[in-house]
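# Residue-level structure breakdown
Below, each chain spelled out in residue letters.
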Amino acid sequence: MKKIEAILQPFKQEEVKEALKAIGITGMTISEVRGHGRQKGHTEIYRGQEYNVDLLPKIKVELVVPDSRFDEVVAAITSAARTGKIGDGKIFVYDVADAIRVRNDDRGEEAL
Amino acid sequence: MQRVLGLLIAQLASIPLFAQTDASELEALKAAVAEAQSAGDNAWMLVCAALVLAMTGPGLALFYGGLVRKKNVLSTMMHSFIMMALATVLWVVIGYSLAFGEGTAVIGSLQYFMLNGVGTAPNDTYAGTIPEYTFMVFQMMFTIITPAIISGAFAERMKFKAMLLFMTLWLLVIYYPMAHMVWGTGGLLGGAGALPCFDFAGGTVVHITSGVSALVCAIYLGKRLGYGSEPMKPHNLVLSVVGACLLWVGWFGFNAGSALSAGAIASSAFVATQVATGAAVIGWLLVEWIQMGKPSMLGAISGAVAGLVVITPAAGFVSPQSSLIMGFIGGIVCYFAVVKVKKVLGYDDTLDAFGIHGVGGTVGAVLTGVFASHSVNEALPEMAGLLDGNGGQVVNQILGSLLSWVLAIVGTLVILKICDIVIGLRVTREEEIDGLDLTQHGEEGYSLDA
């Protein structure tokens with residue numbers, strides 16, 4: 001099992017969800033986060049006071065998938081989320097030791 | 001109203017029937033006319049009083065609340081809201097008496113202590129057509145918003161307890177004397193005083209005193225922790241926009257209501273208020289657009305408040321054309337005060353109470369001396385302001401403003417010193433970091449776990 005953690009542009013949220021749904025992936029957790037990689041922020045001015053906003057709004061999509069489906073899931077996310085510009089985000093992948101379904105103690109891929 | 005009109009018609013119809021009009025009927029007619037005028041004036045003035053209250057809460061509370069960081073939103077709103085209680089009580093106990101009682105040129109007396117002698121009968125000295133209750137409660141609303149304006153200067157760092165003592169002393173030492181000098185019987189700056197100044201709705205009493213006191217507070221308390229190095233963006237400009245709009249609406253009560261009747265002067269003040277505010281928004285935005293590259297919503301509402309402040313002493317004395325010029329100048333001058341002067345001088349006036357109310361109030365007071373005109377308000381002398389050919393009025397206006405500056409500076413310094421010794425003005429470093437909502441009031445404006 002792999003955990004996929006994708007930091008993406010907020011306006012791509014719906015497209016990514018649709019793309020995952022299209023290949024049969026239904027479970028995921030999405031949170032609103034702020035961050036930046038190479039992307040520069042922007043300047044805001046309030047009554048002449050300038051603020052550099054370098055932490056920009058992003059979404060973080062987290063999901064765990066069986067090894068067999070890993071490649072197509074990543075492909076679905078990247079193709080849905082890509083604009084080709086700086087700021088599109090990053091995907092991090094982790095090995096997952098185990099998964100447990102709280103409702104009935106299913107373990108491993110069964111629990112996904 | 002219909003009942004009164006009916007009575008009037010009945011009275012008029014009866015006149016030709018009797019060759020010799022009964023003197024008592026004439027008296028009844030006079031009384032009916034007076035009652036009709038009083039009913040109209042009183043209805044308007046009660047609405048105005050409510051409008052002026054709405055300037056503080058929700059108006060100013062929202063305007064200021066949106067501009068601070070989210071950890072201080074409630075404490076900032078509380079600064080405005082608590083004045084709706086504190087200033088009310090003080091006004092009833094002693095404030096009305098000190099401001100409007102017959103006294104010296106500087107302060108009233110104790111004749112109306114606990115509103116003794118104040119009732120439904122009009123007070124002919126101030127407003128002969130409305131119950132004195134109405135006049136008293138209308139003026140009360142002014143004493144609520146004035147100290148609330150100052151709170152913008154020390155937002156995000158003053159102890160609540162110290163703030164309460166400061167506000168109480170400030171009303172006693174600065175507001176009541178100032179109101180007496182401008183509006184009270186025999187006041188120094190009133191029409192019959194030694195230094196007659198034109199102040200229609202409280203440019204000096206309300207805005208110069210509060211704005212200048214705000215500057216003193218900002219300097220005395222010092223900057224907020226991290227000022228200039230940490231971001232201190234307004235946490236919710238939407239609240240501020242709503243608040244500013246409510247201020248604008250409420251200000252019609254403030255300015256047009258200062259006519260103290262529902263007649264032509266009220267209309268004139270209403271129009272001047274609207275026109276100047278529109279012009280001030282455009283003035284502020286124009287300069288901001290040129291200087292900063294973008295016209296901001298915060299700039300637009302700041303310009304509106306600046307325009308409202310500038311026209312306050314002049315509404316009811318100036319034409320709509322003069323209001324255009326006054327508002328436009330006011331918007332531009334206040335922009336520079338807030339954006340440039342503050343930066344150069346380096347004080348941390350959290351919400352720009354000085355830049356808008358102090359500077360705008362002074363600009364308004366001086367320009368009132370220029371544009372006030374007998375043709376707009378016949379209560380003014382034949383030669384009212386500079387445009388009427390009386391340049392001396394400008395000097396009077398400057399001297400009057402100067403007097404309020406001095407009173408505000410000296411008075412506020414003394415009061416701050418007292419509060420500092422007795423209670424201590426600032427919250428601790430830790431409390432400031434955690435935010436005043438949590439440390440002063442034990443609650444949070446926005447709760448994620450609720």
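I will try to describe carefully the structure that is included in this document. Predicted model, so just to flag it, every value in this text is computed and none were measured.

How each quantity is defined
Counting starts from 1 at the beginning of each chain's written sequence and moves along it residue by residue. A letter from A marks each chain and a number from 1 marks each ligand, given out in the order of writing. Owing to the predicted nature of the model, reporting of local features is limited to residues with pLDDT of at least 70; listing and counting of side-chain atom pairs is limited to 80 or more, with chain, interface and lining totals taken over all residues. Whether two residues are in contact depends on their C-beta atoms, placed from the backbone: they are in contact if these lie within 7 Å. Segments assigned H or I by DSSP are reported as helices when at least four residues long, segments assigned E as strands when at least two residues long, and all are numbered from the N terminus. For this scheme, ten residues count as nonpolar: Ala, Val, Leu, Ile, Met, Phe, Trp, Tyr, Cys and Pro. Four count as charged, namely Asp, Glu, Lys and Arg, and the remainder, Gly too, count as polar. Put simply, a nonpolar core is a cluster of buried Ala, Val, Leu, Ile, Met, Phe, Trp, Tyr and Cys residues tied together by C-beta atoms within 7 Å. Whether a residue is buried, exposed or partly exposed follows from its count of other C-beta atoms within 10 Å of its own C-beta, namely 20 or more, 12 or fewer, or something in between, respectively; the C-beta atoms are built from the backbone. Orientation is described by lines fitted to C-alpha atoms, with helices fitted over the stretch in contact, and by angles between N-to-C directions that extend from 0 to 180 degrees. Angle categories: roughly parallel below 35 degrees, roughly antiparallel above 145, roughly perpendicular from 65 to 115, and oblique for all the rest. Left-handed is the label given to a crossing in which the near helix is rotated counterclockwise from the far helix by less than a right angle, and right-handed is the label when the rotation is clockwise. The span you would expect from a helix comes to 1.5 Å times its residue count less one. Any two strands between which DSSP finds at least two bridges are classified as paired.

Between chain A and chain B, the contact holds six residues from the first and eleven residues from the second. Here the element with the most residues in the side of chain A that touches chain B is strand S3 (residues 42–46) of chain A; it accounts for three residues. Taken together, the residues of the side of chain A that touches chain B break down into three nonpolar, one polar and two charged.

Note on soluble globular proteins: their nonpolar side chains tend to be buried together. Ranked by size, the top nonpolar core spans 145 residues in total, and within it Val 52, Leu 247 and Ala 314 of chain B carry the most contacts. Once residues within four sequence positions are removed from consideration, Val 52 of chain B is found in contact with Phe 138, Met 141, Phe 142, Ile 145, Gly 250, Gly 253, Phe 254 and Gly 257 of chain B. Core analysis: the second largest hydrophobic core is formed by ten residues, Ala 6, Val 16, Ile 77 and Ala 81 of chain A among them.

Another point: unusual backbone geometry. Residues Gly 57 of chain B and Pro 58 of chain B are joined by a peptide bond in cis, for which omega reads 10°. With respect to the helices and strands, Pro 58 of chain B occurs in helix H2 (residues 23–67). Its identity is not glycine, yet Asp 105 of chain A carries a phi of approximately 65°, on the positive side. Here Asp 105 of chain A lies in the segment after strand S6 (89–95). Its identity as a non-glycine residue notwithstanding, Asp 352 of chain B has a phi of 60°, on the positive side. For Asp 352 of chain B, the location among the structural elements is in the loop between helix H10 (320–345) and helix H11 (353–371). Taking the number of C-beta atoms within 10 Å as the measure of exposure, Asp 352 of chain B has 25 and is therefore buried.

Another point: the packing of helix H4 (residues 132–154) of chain B against helix H5 (residues 160–183) of chain B. Residue and element names in this part refer to chain B. Relative to each other, H4 and H5 sit at 115°, their axes nearing to 11 Å. It follows that H4 is roughly perpendicular to H5 by the angle criterion. Judged by the twist between their axes, the crossing of H4 over H5 is right-handed. For the pair H4 and H5, contact is made by Thr 143, Thr 146 and Pro 147 and by Met 167, Trp 170, Leu 171 and Tyr 175, respectively. Residues belonging to the contact of H4 with H5 are distributed by class as follows: five nonpolar, two polar and no charged.

Let us look at helix H12 (residues 392–422) of chain B. An ideal rise of 1.5 Å per residue puts 45 Å on 31 residues; H12 of chain B measures up with 45 Å between its terminal C-alpha atoms. Phi turns positive, to about 95°, at Gly 424 of chain B, one or two residues after H12 of chain B.

What follows concerns the sheet that holds S6 of chain A. Residues and elements named next belong to chain A. Across the sheet, four strands lie side by side as S2-S5-S1-S6; this open sheet has antiparallel pairing. The outermost strands of the open sheet, each flanked by one partner alone, are strand S2 (29–35) and S6. Sheet twist, expressed as the mean angle between neighbouring strand axes with direction ignored, is 20°. When S2 meets strand S5 (residues 56–65), the two strands line up antiparallel, connected through seven bridges. What sits directly across from Ile 30, in S5, is Val 61. Sheet strands in contact with helix H2 (residues 70–81) are strand S1 (2–8), S5 and S6, and its direction is about 5° off that of S1.

This paragraph deals with the pairing of S5 of chain A. Remark: a regular strand shows side chains that alternate across the two faces of the sheet. Strand direction decides the pairing type here: S1 of chain A and S5 of chain A, joined by seven bridges, are antiparallel. Looking at the pairing, Glu 5 of chain A lines up with Glu 62 of chain A of S5 of chain A.

Everything listed here is a matter of geometry and, on its own, says nothing about what the molecule does.
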